[in-house]
Amino acid sequence: EPGDFEVEQQDGSRQIRCKYFETGIVEGKARMPIEDDSFHAVVCIRGGGEIAVGDKREVIKAGESLFIPAMNEVLKTDGDMSVVITKV
């Protein structure tokens, strides 16, 4: 049903899922597998740090965003930051 969603909290992070997307807030250092079925949008909402996917690394700070193309890889975050990661 449109409007139905699920909220999961674990280790200080929140994950929200619905029929159309998944989104979560990640604090500091984390590892997250990504798959080749959809791109990911990463928005830094506090602080700054580094986002790494495979051998590519980008520095990000509050107010900036990155788009990660669909691929089978691991997305890593590191730094004093909060990021929102969304998969459509």
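Refer to the preceding data block for the structure.
Here we look at the overall build of the protein chain
Turning to step 1, where the next piece is worked out: The helix and strand inventory of the protein chain stands at zero helices and eight strands.
Turning to step 2, where the next piece is worked out: Tracing the protein chain from N to C terminus, the helices and strands come up as β-β-β-β-β-β-β-β.
Turning to step 3, where the next piece is worked out: Buried residues in the protein chain amount to 30% of all 88 residues.
Turning to step 4, where the next piece is worked out: Long-range pairs, those at least 24 residues apart, make up 61% of the contacts in the protein chain between residues at least 6 apart in sequence.
Turning to step 5, where the next piece is worked out: As displayed, the protein chain has an accessible area near 5800 Å², and 50% of this comes from carbon and sulfur atoms.

Criteria and cut-off values
Residues numbered from 1 in each chain as written. Predicted model: local features only at pLDDT ≥ 70, side-chain atom pairs only at ≥ 80, totals over all residues. Heavy atoms only, no water. Helix = DSSP H or I, 4+ residues; strand = E, 2+ residues; numbered from the N terminus. Buried < 20%, exposed > 50% of the residue type's maximum accessible area, 1.4 Å probe, protein only. Contact = heavy atoms within 4.5 Å. Areas by Shrake-Rupley, 256 points an atom, 1.4 Å probe, with all protein chains shown as cover.

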